Amino acid sequence: MGDHKEQQPVRVGAAVRRRRRALELTLAVVAARSGLSVPFLSQVENDRARPSRTSLEKLADALRTTAVELLAAADPACSVGVVRAEPLTGDGLAPRMRSLVRGHHQLHASEFTGDHDAGREFQHRNDELMYVADGAVEIEAEGRAYRLGRGDTLYLTGGVRHRWRATVPDTRVIVVAVAEHIEAVQDRTR
């Protein structure tokens, strides 16, 4: 028996239909607002077509919501995903990042091992949680520095600019974020 089930596509059609009906809009009105065709929207609502990220964002705008909200309201696809630990390769000291969740989901989780580029500043549109599995980190957020050790967590609401760095070797940090809206910018003041 395998330990990884093939990822089912997200079934967003019912969520789109519910939102459209709640706003008392016709498919024609949503098509005009989004620039998408009525036949395509009908196929999306009946789960016979899967919108691209761009199309989903256009559709969400037309429905006065966000793509994240539509996906969160989507019918759950029955799936179980296992991501096995990766064996250490090379010298084991090089910084590494690996995804802890496969596929397209509303939850993104990554594991960072080793040093991290402290010059990169992040600003996520949605919430994020950082958990220090091993070692220690320093996080700068909202003009304050936070020192976290093994077992500590830091929760950031959407929109908070932040940067972080490992302060001891072999630090492992788990970062869990909602949605895909991540913008990394290079800090020019450092």
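Please refer to the structure placed before this passage.
Residues numbered from 1 in each chain as written. Predicted model: local features only at pLDDT ≥ 70, side-chain atom pairs only at ≥ 80, totals over all residues. Heavy atoms only, no water.

A. Structural view of the overall build of the protein. Helix and strand counts for the protein come out as 5 helices and 10 strands. Out of the 190 residues in the protein, the part that is buried amounts to 36%. Here the protein has roughly 11500 Å² of accessible surface; of this, 50% comes from carbon and sulfur atoms. (Helix = DSSP H or I, 4+ residues; strand = E, 2+ residues; numbered from the N terminus. Buried < 20%, exposed > 50% of the residue type's maximum accessible area, 1.4 Å probe, protein only. Areas by Shrake-Rupley, 256 points an atom, 1.4 Å probe, with all protein chains shown as cover.)

B. View of the nonpolar core. Ranked by size, the top nonpolar core spans 20 residues in total, and within it Val12, Val16, Val30, Leu41 and Leu59 carry the most contacts. If you list the elements that add at least two residues to this core, you get α1 (13-22), α2 (27-34), α3 (38-45), α4 (53-62) and α5 (67-72). Ranked by residues supplied to this core, first place goes to α4 with 4 residues. Residue contacts for Leu41: discarding those within four places in its chain leaves Leu27, Val30, Ala31, Ser34, Leu36 and Leu59. (Core = buried A, V, L, I, M, F, W, Y, C linked by side-chain atoms within 4.5 Å. Contact = heavy atoms within 4.5 Å.)

C. Representation of the environment of Arg50 within the structure. Tracing the chain through its elements places Arg50 in the loop between α3 and α4. The exposure class assigned to Arg50 is exposed, which follows from its relative accessible area of 53%. Linking Arg50 and Val12, residues 38 residues apart in sequence, is a C-alpha distance of 8.0 Å.

D. The packing of aromatic side chains, seen in detail. Under the counting rule described, the total for this entry stands at 1 aromatic pair. With a centroid separation of 5.5 Å and 80° between ring planes, the pair formed by Phe112 and Trp164 is classed as edge-to-face. With Phe112 in strand β2 (residues 107-113) and Trp164 in strand β8 (residues 161-166), this pair connects stretches of sequence that are 52 residues apart. (Phe/Tyr/Trp six-rings, centres within 6.5 Å; stacked < 30°, edge-to-face > 60°.)

E. How the structure looks around the pairing of strand β4 (residues 128-134). By the bridge criterion, 4 bridges tie β4 to strand β7 (residues 153-156) in an arrangement that is antiparallel. By the bridge assignment for β7, Tyr131 is matched with Thr153. Of the pairings in the sheet, the one linking β4 to strand β9 (residues 172-178) comprises 6 bridges and is antiparallel in character. Each bridged residue has a counterpart across the sheet, and for Met130 the counterpart in β9 is Val175. (Pairing = 2+ DSSP bridges.)

F. Spatial organisation of the sheet that holds β4. Strand order in the open sheet formed by 5 strands is β1-β2-β9-β4-β7, with antiparallel pairing between adjacent strands. Looking at strand neighbours, the two that pair on one side only are β1 (96-99) and β7, the edges of this open sheet. Within the sheet, the average angular offset between the axes of one strand and its neighbour, ignoring direction, is 20°. (Axes fitted to C-alpha atoms, helices over the stretch in contact; angles between N-to-C directions.)

G. Geometry of unusual backbone geometry. Even without being glycine, Glu24 reaches a positive phi, approximately 55°. With a relative accessible area of 75%, Glu24 lands in the exposed category.

H. How the structure looks around the pattern of salt bridges. Tallying each qualifying case throughout the model produces 12 salt bridges. In this structure, the salt-bridge partner of Arg98 is Glu111, at a minimum N-O distance of 2.7 Å. Remark: Glu111 occurs in strand β2 and Arg98 occurs in strand β1; sequence separation between them is 13 residues. With respect to burial, Arg98 and Glu111 carry one shared label: buried. With its nearest N and O atoms 2.5 Å apart, the salt bridge here joins Glu138 to Arg147. Through salt bridges with shared partners, a single ionic network connects Arg98, Glu111, Asp134, Arg150 and Arg172. (Salt bridge = Lys/Arg side-chain N within 4 Å of Asp/Glu carboxyl O.)

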